[in-house]
Amino acid sequence: MSALRFTKDHEWIRLDGSVATVGISDYAQEQLGDVVFVELPEIGRKVTAGGEAAVVESVKAASEVYAPVDGEVVAVNDKLGDDPALVNRAPTGEGWFMKLALADPKQLDGLMDEAAYLNYIAGLA
Amino acid sequence: MTATGPGTTSGHRGLLFEEPLIFESGTEGRSGVDLPDPPAVADRLGGLRRRTALGWPGLSEPQVIRHFTRLSQKNYAIDAGLYPLGSCTMKHNPRLNEKLARLPGFADIHPLQPVSTVQGALALIDTLARWLKALTNMPAVAMSPAAGAHGELCGLMAIRAAQDARAAPRRKVLVPDSAHGTNPATAAMCGYTVEAVPLNARGRVDLAALRRALDGDTAAFMLTNPNTCGLFEDEILEQAAAIHDAGAFFYCDGANFNALVGRVRPGDLGIDCMHINLHKTFSTPHGGGGPGSGPVTLSAALAPFAPVPYVVHDANGFRLVETAGDAAAGLAPLGRLKGFHGQMGMFVRALAFMMSHGADGLLQASSDAVLNANYVLARLADRMSLPYDGPCMHEVLFDDAFLKDTGVTTLDFAKAMIDEGFHPMTMYFPLVVHGAFLIEPTESESKEGLDVFVATMRSLAERARSGDAAPFLAAPQFAPRRRLDETRAARQPVLRWRRSNHPGEAA
Amino acid sequence: MRYLPHTPADRRAMLAAIGVPSVDSLYRDVPASVPQKPRFDLPDHQSELAVERALTALAEKNVAAGAVPSFLGAGAYRHHVPAAVDHLIQRGEFLTSYTPYQPEVSQGTLQYLYEFQTLVADLFGMEIANASMYDGATATAEAALMARRVTRRNRIVLSGGLHPQYRDVTTTSFKHLEASVVALPPDPSGGERAVDAIDGETACVVVQYPDMFGRIADLTALASACHAKGALLVVAVSEVVALGLIEPPGAMGADIVAAEGRSLGNALNFGGPYLGLFATRERFVRQMPGRVVGETVDVDGRRGWVLTLSTREQHIRREKATSNICTNSGLCALAFTIHAALLGADGLARLAALNHAHAVRLAERLARIAGVRVVTEAFFNEFTVVLPKPAVPVVEALAARGVLGGVPLARLYPEVPSFADRLLVAATETNTEADMDRFAALLAEVLQ
């Protein structure tokens, strides 16, 4: 799991070659509560770092999910349509949101590693 | 359906009836309305006669009466008890108003009858407008908006029209952190971006932050006053001056006008525009979520942009201006927001309420509303936790600090209130305090009634603090249903009955 | 004051408990320079009898549509509402409850709204419906806004057969959005080619059925043309009773139906409150505006209902909400539901057949008057006639003789001079043969 990088908005990203997988952190799913719906982007959409890429809804809240880095959406997790609770059960695993073909993998360097992120959320409480 | 309740064969428990859906009890070929045979004619339907089956169930009149009577018994209502929903002003709904709204001369008139045949209706709208203008000290009022949020849309569109007319369009609307969600939603519908202004430590808008946020691109500041923390904005004159210095307009969400009516006129506070929820302040019934009515008072600068239709008076009596082209020179209506002329049925009720109270009674009503809220504050302050000091206006805000480490949340507490026979207060709103309890008793509650409520709240607070969380977590136990699974409802929405939803269970 | 429970002694005791000398001191946060308790040029409180007298006198200055033969429609049709409806909606548990935020003590409201959603969806041949909107005009505007969200396109095409107030409300709603609203010219002849107005940027075509002039036409080809270009078909309905007799929009390919539902259960009310209906396809559910009720279970496994999908709404989504609507038309929806339950499928079909038969007979009578032409071929309970004279003074003259004889199109289309001699006439089950005879006779007289 050490390959995960995190944003201040609680997205994670994991790079495999030139394609990266994006989801929301365990902390984020816990804050949201039971996820009931995920609105995913269409394949081929260009997203920019910090721009809206998806929406995640729980019973009482809805949040934008922002793209951690620039890229193009090459895959989305269709399983979330039938089973949005995957986001709660396995936020950094089967509950992933989308895969991005990255414009510039170096952008990941600007994000937090897991230790830094855990430190960051500890400061939020 | 899930019919088997504990211990009875029928599923009913005394006066608590389990009631199926009309689709489950209805039968084809039955009707509760007798209609004559249509005269024989060659149809002129152009071949479009309905072929698609209609699944409406057939029921007789006694079945329908019983069905809806049983459903009604599953509802809490003002008529049954205290309904202290903050910022909703659940006051008594006088029955005189219902009677008058049903007079054929009001209820059975068509909106497009010749105006010569509806002079009384137009006079009523004009009279209600006069009351609203007097009570707010504002020169104009747009009567057609259908509810508070619709009134906000009207007000912001008038502001936008006024600024666009000066060829000086602006793009930003400021709202406090504590604003009702309709405010930003409405601003977005008018093409504005929304910027939040924080509150200060006293629960009011941070004046310095407001001044910093105001600039040449600010169209308006939307304020609720008294605000959603139940507090009067004591720097409102300074806010108004800053807003007007920036060339912006001051919009007031009038949801909380019940604290001020008959005592303080919003026009004297520098407000340019305020919607009035007739279904709150002026007692038109809430009806389980409407219909409402949201007239918008307007300053002289905004009045020319009021939407059509509106009532005018000339030598021939009253008439309606129904299209922009019919507007007098110098007026530039922003368009039309609603079919026909507004919520006439609500106008009759609201005017009956105002005339019954009169100016003196409205002042007494707002005074009693504020007295009641402060009484609740005073009697609960030592058992619950106040984020901001009083006095409050017509509603009092507590947070959940007093529940810290009890294992009981605001939601649990609210559900326990249901078991005690009270409707819960507004909870988790405003968002600026943690686990909000927003309590608005209104002027309709007697001291005896409030004493029972206060004693109950104190007892619940003590029980929670004593570590007895179990009854809260299990609550409600004495309602027609216990806690419902909202996650399931949202994950796999079932929004209509289908025979296939409940195979084998339909009648 | 009969509505205020406190005695002076209560108020004194409460002030003592609060620890202030007077209510005035509770208003100490009001700036000193702001006048408090001003003198109003308004009367003081009055007895119930006095208020009743005053407002009854105003009511009596109006001609109630039921007191005279009345043939007005144009989006508001006079129907008989069974007595049971008004009795039930006045039960305090319905009348004086709030939006059902606490579902455990609001199952009555939630269950009837669920029944309402099912009835509405079924009536229109659609899959789902919401729990109501303000009226037909605002529902139509909301439908166009929804089509824009669904398609992410910014061009809205309004048929010329759309009620001009629905058109104006929609146009006003789009005024400040980055979108264009193309309103086709009104054309009572049925020659409109809305298909030609659809392009690759079109979010939706909004068409009325039956249309503003009373005309009914098959929408299947228009729906196909919309879908072929990726646009939605929005169908506005201003007379829901028609659906008891004519094919529902859903069967013709509509994607959204926005309607005025007041005809069932509710009075004319001089135009408000009315009842907006909104139905669509299941796949668009998360873009649908307004409140919606869903089925679920409680912790004991018993079926129950809750407001659901509320994350689309303003109190959570704030500036990103699907709509700013909050209060809707709950009690009007209840009245609709009760009237629909009384009618059932057979009753509605019979009611619709009566309406149509009366309209056909009235059209036949009026067509026999010299100089009068009925120009609507296929219609439900309303049609357009051409008079040999301007319609506005004719209608005034009829009113002076005690007949409300239709709506002159000039009132709704002052900008279309060629409509000056057009009169829109409706007949419902409430019109007797004698009413129709009287109308025809007086019209002939006035036209002489």
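Residues numbered from 1 in each chain as written. Chains lettered and ligands numbered in written order. Predicted model: local features only at pLDDT ≥ 70, side-chain atom pairs only at ≥ 80, totals over all residues. Heavy atoms only, no water.

Below, the discussion takes up the overall build of chain A. Summing up its helical and strand segments, chain A has four helices and ten strands in all. Listed by position from the N terminus, the elements making up chain A come as β-β-β-α-β-β-β-β-β-α-α-β-β-α. Along the first, second and third principal axes, the C-alpha atoms of chain A reach 35 × 35 × 25 Å. Across the 125 residues that make up chain A, the buried fraction comes to 47%. By sequence separation, contacts in chain A at least 24 residues apart represent 59% of the contacts at least 6 residues apart. Summed over all atoms, the accessible surface of chain A reaches about 5,900 Å², with 49% contributed by carbon and sulfur. Averaging the coordinates of the 10 positive side-chain charges in chain A and doing the same for the 21 negative ones gives two points 3 Å apart. (Helix = DSSP H or I, 4+ residues; strand = E, 2+ residues; numbered from the N terminus. Buried < 20%, exposed > 50% of the residue type's maximum accessible area, 1.4 Å probe, protein only. Contact = heavy atoms within 4.5 Å. Areas by Shrake-Rupley, 256 points an atom, 1.4 Å probe, with all protein chains shown as cover. Lys, Arg positive; Asp, Glu negative; His and termini not counted. Charge placed at Lys NZ, Arg CZ, Asp CG, Glu CD.)

Moving on, we get to helix 9 (residues 236–245) of chain B. Residue and element names in this part refer to chain B. Ile236, Gln239, Ala240, Ala242 and Ile243 are the residues of helix 9 that are buried. Down the axis of helix 9, the smallest arc covering the buried residues is 165°, so these residues share one side. Considering only its buried residues, helix 9 is in contact with helix 8 (207–213), strand 4 (218–224) and strand 5 (249–253). (Arc of directions from axis to C-beta.)

To continue, consider helix 6 (residues 148–165) of chain B. The periodicity of an α-helix, 3.6 residues per turn, causes residues three or four places apart in sequence to face the same way. All names here are of chain B. Spanning 18 residues, helix 6 covers 25 Å between terminal C-alpha atoms, matching the ideal 26 Å at 1.5 Å per step. Across the 18 residues that make up helix 6, a large majority, 16, are buried. A positive backbone phi angle near 55° is found at alanine 167, which sits one or two residues after helix 6. (Expected span 1.5 Å × (residues − 1).)

What follows deals with the interface of chain C and chain B. Counting residues at the interface gives 197 residues for chain C, matched by 214 residues for chain B. Among the residues chain C hides against chain B, the three largest losses belong to C:Phe270, C:Arg303 and C:Arg411. Together they make up 6% of the total. At the surface where chain C touches chain B, the tally comes to 14 salt bridges. As a salt-bridge pair, C:Arg350 and B:Asp37 come within 2.4 Å of each other at their nearest N and O atoms. In this assembly, chain C and chain B are joined by 102 residue pairs in polar contact (both at pLDDT 80 or more). The element that contributes the greatest number of residues to the side of chain C that touches chain B is helix 10 (residues 330–367) of chain C, accounting for 26 residues. For the side of chain C that touches chain B, the residue count by class is 104 nonpolar, 53 polar and 40 charged. (Buried area = accessible area lost by both parts, 1.4 Å probe. Salt bridge = Lys/Arg side-chain N within 4 Å of Asp/Glu carboxyl O. Polar contact = N/O pair within 3.5 Å; in protein donor to acceptor, adjacent residues only side chain to side chain. Nonpolar A, V, L, I, M, F, W, Y, C, P; charged D, E, K, R; others polar.)

Residue-level contacts link 14 residues of chain A with eight residues of chain C. Taken over both partners, the interface formed by chain A and chain C buries close to 810 Å², and the fraction arising from carbon and sulfur atoms is 38%. Seen at the junction of chain A and chain C, the total is one salt bridge. As a salt-bridge pair, C:Arg286 and A:Glu57 come within 3.6 Å of each other at their nearest N and O atoms. Across the chain A-chain C interface, the total number found is zero residue pairs in polar contact (both at pLDDT 80 or more). It is strand 6 (residues 52–58) of chain A that provides the largest number of residues to the side of chain A that touches chain C, a total of four residues.

Residues and elements named next belong to chain C. The domain boundaries assigned to chain C delineate domain 1 (68–80 + 345–447) and domain 2 (83–339). Computed from C-alpha atoms alone, the centre-to-centre distance between domain 1 and domain 2 is 27 Å. With 30 residues of domain 1 in contact, the opposing surface of domain 2 contributes 28 residues. Both faces combined, the contact of domain 1 with domain 2 buries some 2,200 Å², and carbon together with sulfur accounts for 67% of it. The tally of links from domain 1 across to domain 2 stands at one salt bridge. For the pair domain 1 and domain 2, the interface holds seven residue pairs in polar contact (both at pLDDT 80 or more). For the side of domain 1 that touches domain 2, the secondary structure elements donating two or more residues are helix 10, strand 11 (382–386), helix 12 (409–412) and strand 13 (422–426). Broken down by element, the side of domain 1 that touches domain 2 gets its largest block of residues, seven residues, from helix 10. Here the side of domain 1 that touches domain 2 is built from residues that sort into 18 nonpolar, eight polar and four charged. (Domains from an automatic or database assignment.)

What follows concerns the nonpolar core. When a protein is soluble and globular, its nonpolar side chains tend to lie buried together. The biggest cluster of nonpolar side chains holds 123 residues, and the ones touching the most others in it are B:Leu135, B:Phe282, B:Phe413 and C:Leu55. Within the second largest apolar cluster, 86 residues are counted, among which are C:Phe94, C:Ile246, C:Leu331 and C:Ala333. (Core = buried A, V, L, I, M, F, W, Y, C linked by side-chain atoms within 4.5 Å.)

Geometrically, a packed helix pair is captured by the angle between its two axes and the distance between the axes. Look at helix 10 (residues 344–380) of chain B against helix 1 (residues 8–18) of chain C: their axes get within 9 Å of each other, and the N-to-C directions meet at 45°. One way to sum up the angle between helix 10 of chain B and helix 1 of chain C is to call them oblique. Once helix 10 of chain B is placed against helix 1 of chain C, the crossing between them reads as left-handed. Residues B:Gln364, B:Asp368, B:Leu371, B:Asn372, B:Asn374, B:Tyr375 and B:Ala378 of helix 10 of chain B form the contact with helix 1 of chain C, whose own contacting residues are C:Arg11, C:Met14, C:Leu15, C:Ala17 and C:Ile18. For the contact of helix 10 of chain B with helix 1 of chain C, a count of residues per class yields seven nonpolar, three polar and two charged. (Axes fitted to C-alpha atoms, helices over the stretch in contact; angles between N-to-C directions. Parallel < 35°, antiparallel > 145°, perpendicular 65-115°, else oblique. Left-handed = near helix turned anticlockwise from the far one by under 90°.)

Glancing now at the sheet that holds strand 5 (residues 46–47) of chain A. Residue and element names in this part refer to chain A. The sheet built from seven strands is open, its strands ordered 5-8-9-3-2-1-10 with antiparallel pairing. Strand pairing shows two members of the sheet lacking a second neighbour, strand 5 and strand 10 (112–113), which therefore form its edges. Relative to strand 10, strand 1 (residues 5–6) is paired through two bridges, and the arrangement is antiparallel. Within strand 10, the position partnered with arginine 5 by the bridge is aspartate 113. (Pairing = 2+ DSSP bridges.)

Residue and element names in this part refer to chain A. Spatially, the three strands line up as an open sheet ordered 4-6-7, and their pairing is antiparallel. With partners counted over all chains shown, the strands left at the sheet margins are strand 4 (35–39) and strand 7 (62–66), one partner each. Averaged over neighbouring strand pairs, the angle between their axes works out to 25° when direction is ignored. By the bridge criterion, four bridges tie strand 4 to strand 6 in an arrangement that is antiparallel. Note on strand 6: the bridge partner recorded for valine 38 is valine 56.

A separate point is the pattern of salt bridges. As enumerated under the stated definition, the model contains 55 salt bridges over all chains in all. Between B:Arg265 and B:Asp268 there is a salt bridge, with the nearest N and O atoms lying 2.8 Å from each other. The same class applies to B:Arg265 as to B:Asp268, namely buried. In this structure, C:Asp199 engages C:Arg155 in a salt bridge whose closest nitrogen and oxygen atoms are separated by 3.4 Å. Here the residue C:Asp199 occupies a position in the loop between strand 3 (180–183) and strand 4 (202–208), and C:Arg155 occupies one in strand 2 (residues 155–158), the gap between them amounting to 44 residues. Since its relative accessible area comes to 17%, C:Arg155 is described here as buried. Three or more residues are tied together by salt bridges with common partners; here these are B:Glu98, B:Arg102, B:Arg349 and C:Asp86.

Attention shifts here to the pairing of strand 3 of chain C. Residue and element names in this part refer to chain C. Pairing between strand 2 and strand 3: four bridges, direction parallel. Looking at strand 3, one finds that arginine 155 is bridged to serine 180. Handedness of the crossover joining strand 2 and strand 3 through helix 7 (residues 164–174): right-handed. (Right-handed = clockwise from strand over helix to strand, strands pointing away.)

With that settled, the discussion passes to the side chain of C:Thr118. Mapped onto the fold, C:Thr118 is located in helix 5 (residues 107–124). Sequence-distant contacts of C:Thr118, defined by excluding residues within four places in its chain, comprise B:Phe23, B:Arg496 and B:Trp497.

Mapped onto the elements of the fold, B:Asn93 is located in the loop between helix 2 (61–72) and helix 3 (95–101). A distance of 3.0 Å separates a polar side-chain atom of B:Asn93 from the backbone oxygen of B:Ser283. For B:Asn93, the residues in contact, after removing those within four places along its chain, are B:Ile78, B:Ser283, B:Thr284, B:Pro285, B:His286, C:Leu95 and C:Thr96.

Moving on, we come to the packing of helix 10 of chain C against helix 13 (residues 433–447) of chain C. All names here are of chain C. Running from amino to carboxyl end, helix 10 crosses helix 13 at an angle of 25°, the nearest separation of the two axes being 10 Å. Judged on the interaxial angle alone, helix 13 and helix 10 are roughly parallel. Where helix 10 crosses over helix 13, the two elements pack in a sense that is right-handed. Taken together, the residues of helix 13 that come into contact with helix 10 (itself represented by His358, Arg361, Leu362, Arg365 and Leu366) are Glu433, Met436, Asp437, Phe439, Ala440 and Leu443. Across the contact of helix 10 with helix 13, the residue classes break down as six nonpolar, one polar and four charged.

Next up on the list: the packing of aromatic side chains. Counting across every chain of the model gives 23 aromatic pairs over all chains. A network of ring pairs unites the aromatic residues B:Phe402, B:Phe413, B:Phe437 and B:Phe472 as a single cluster. Between the NZ or CZ atom of A:Lys99 and the centre of the ring of A:Trp96, over which it lies, the distance is 4.5 Å. Sitting over the ring of A:Phe37, C:Arg286 keeps its end group 3.7 Å from the ring centre. (Phe/Tyr/Trp six-rings, centres within 6.5 Å; stacked < 30°, edge-to-face > 60°. Lys NZ or Arg CZ within 6 Å of the ring centre and 35° of its normal.)

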